[in-house]
Amino acid sequence: MNSAQANIDQLICVCCMRDAQTWKIASTYIVSNIVAKQYKVYVPDVEVELFKAISAEPFQVIGESIYTNAFAGEIKSRLSTRVAAQFGWYLQQLIKIAAVKDCKPSDTVLFWDADTIPLRPLTFVDEQGRLKYYQSQEYHHPYFETVMRLLRLSKKVRFSFIAQCFVMKAAWVQEFCVEIEARHRKGWVAALLDAINFNEGNSFSEYETLGTFISHRHSDKVVYIDRKWLRLGNSNIGHPAFLSPKLIAAELSEYDYASFEKWDKAKPYFLQVSIPYFFKVYLPSLLKMGH
């Protein structure tokens, strides 16, 4: 393990049963391709034992209630029936902020989306010690309305920070929390939730919010890299179970990682995909459930 590889102190994921099949595969690739001193995945308390069984060593599986007890009820109470399904989406973002807030200020922390698979060895700190940020091209205006209400900061970069992973110094997130507490004269959770327009739906992104903060406050300590990653893993590959060194070398060599998000449905390859999928993924999971 060389020093360039070991610059991540804490790698943090949040997952739940819905993504368990992808996670079982992803966790192995994460441990193989991203070197960190500690690997943590936060899951619903009732799913801790399941995730202990399927997570690659040395992932620590932690019940999310150590953080969610402080804000789950408050989030739920603010969501109307129309947007109630977004509860988990907001919850996992606050879990990540709370988890990094608990880290040592000097720690370099990497958020890694649990449905995303690194396809080759990745590093997030360059030779000058700057943290490396991947990019995407999406833009959702309500995110930045929330950032403006929360921080009085406008978008500074010409890309999106929503790129399945996000690296930071824990001290920067701690500064972020102190700043919003001072500005709004309330705790960071209350300040953050008050800034979100829950009626709008999908009105907060932890990546865009922290990215905007860091781009204004710590721009000399970061670098934005233009490396390719694959957003539509299911559409392109079918299912992460089909990944292999041969497939990665033949078809995915230009990408650093691939995302397998639930909303991205695999193309209907019918017999070509459904039969191998049945034997490689569905049948084993069915047999396991029968025990």
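A brief structural summary.

What counts and how
Along each chain, residue indices are assigned from 1 in the same order as the chain's sequence is written. Per-residue local features of the predicted model are confined to residues with pLDDT of at least 70, and side-chain atom pairs are confined, for both listing and counting, to 80 or more; whole-chain, interface and lining totals are unaffected and use all residues. Only heavy atoms go into the side-chain values, all of them from the structure, while hydrogens and water stay out. Detection works on a 1 Å grid of protein atoms alone, calling trapped sets that fit a 1.4 Å probe cavities and calling open sets with protein on both sides within 12 Å along at least five of seven lines pockets, with lining residues defined by an atom within 4 Å of a point. Grid points are joined across faces, edges and corners, and a volume is the space filled by probe spheres set on the points. Only DSSP runs of H or I with at least four residues qualify as helices, and only runs of E with at least two residues qualify as strands; both kinds are numbered from the N terminus onward. Residues were grouped as follows: Ala, Val, Leu, Ile, Met, Phe, Trp, Tyr, Cys and Pro as nonpolar; Asp, Glu, Lys and Arg as charged; and all remaining residues, including Gly, as polar. To obtain an axis, a line is fitted to C-alpha atoms, over the contacting stretch when the element is a helix, and the angle between two such axes runs from 0 to 180 degrees between their N-to-C directions. Roughly parallel refers to an angle under 35 degrees, roughly antiparallel to one over 145, roughly perpendicular to one between 65 and 115, and oblique to any angle outside these ranges. What makes a crossing left-handed is the near helix being turned counterclockwise from the far one by less than a right angle; a clockwise turn instead makes it right-handed. Should any heavy atoms of two residues lie within 4.5 Å, those residues are counted as being in contact. Relative accessibility thresholds used throughout: buried, under 20% of the residue-type maximum; exposed, over 50%; partly exposed, between the two (1.4 Å probe, protein chains only). Pairs of N or O atoms are called polar contacts if they sit within 3.5 Å, as long as, within protein, a hydrogen donor faces a hydrogen acceptor (for residues adjacent in sequence, only side-chain-to-side-chain pairs). Whenever Lys or Arg places a side-chain nitrogen within 4 Å of a carboxyl oxygen from Asp or Glu, that contact is recorded as a salt bridge. We call two strands paired when DSSP finds no fewer than two bridges between them.

## Details of the layout of surface pockets
Piece 1. Taken as a whole, the largest pocket encloses approximately 960 Å³ of empty space.
Piece 2. Contributing to the lining of the largest pocket are 35 residues, with R18, W89, Q92, D115 and E261 lying nearest its centre.
Piece 3. Breaking the lining of the largest pocket down by element, the ones donating at least two residues are β1 (8–14), α5 (87–101) and α9 (206–217).
Piece 4. No other element matches α5, which puts 8 residues into the lining of the largest pocket.
Piece 5. Per-class residue counts for the lining of the largest pocket are 17 nonpolar, 7 polar and 11 charged.

## So, the packing of helix α6 (residues 141–151) against helix α8 (residues 188–195)
Piece 1. Here α6 crosses α8 at 135°, and the two axes come no closer than 9 Å. With respect to α8, the element α6 is oriented oblique. Crossing geometry of α6 relative to α8 is assigned as right-handed. Touching T146, R149 and L150 of α6 are A191, L192 and A195, all from α8.
Piece 2. The residue makeup of the contact of α6 with α8, split by class, is 4 nonpolar, 1 polar and 1 charged.

## Remarks on the side chain of Q164
Piece 1. Looking at the element boundaries, Q164 is found in the loop between α6 and β7 (165–169).
Piece 2. The class of Q164 is buried, set by a relative accessible area of 2%.
Piece 3. A polar contact is formed between the side chain of Q164 and the side chain of S259, at a distance of 3.2 Å.
Piece 4. Q164 has contacts with F111, W112, D113, D115, T116, Y207, W229, R231, Y257, S259 and E261, leaving out every residue within four places of it along the chain.

## Focus on the pattern of salt bridges
Piece 1. One pass over the structure, following the stated rule, counts 16 salt bridges.
Piece 2. In this structure, the salt-bridge partner of R78 is E74, at a minimum N-O distance of 2.8 Å. One end of the pair, R78, and the other, E74, are both in helix α4 (residues 72–78), 4 residues apart, so they sit about a helical turn from each other.
Piece 3. By relative accessible area, which is 25% here, R78 ends up partly exposed.
Piece 4. A relative accessible area of 37% places E74 in the partly exposed class.
Piece 5. The salt bridge partner of K221 is D220, with a shortest N-O separation of 3.6 Å.
Piece 6. Among the residues examined, K221 registers a relative accessible area of 36% and is labelled partly exposed.

## As for the sheet that holds strand β3 (residues 60–63)
Piece 1. If you trace the 5 strands from one edge of the open sheet to the other, you get β3-β2-β1-β4-β7, paired in mixed fashion. With partners counted over all chains shown, the strands left at the sheet margins are β3 and β7, one partner each. In this sheet, adjacent strand axes meet at a mean angle of 25° when their direction is disregarded.
Piece 2. Across 4 bridges, strand β2 (residues 36–43) lies against β3 in parallel orientation. Each residue of the ladder has a partner; that of Y42, found in β3, is I62.

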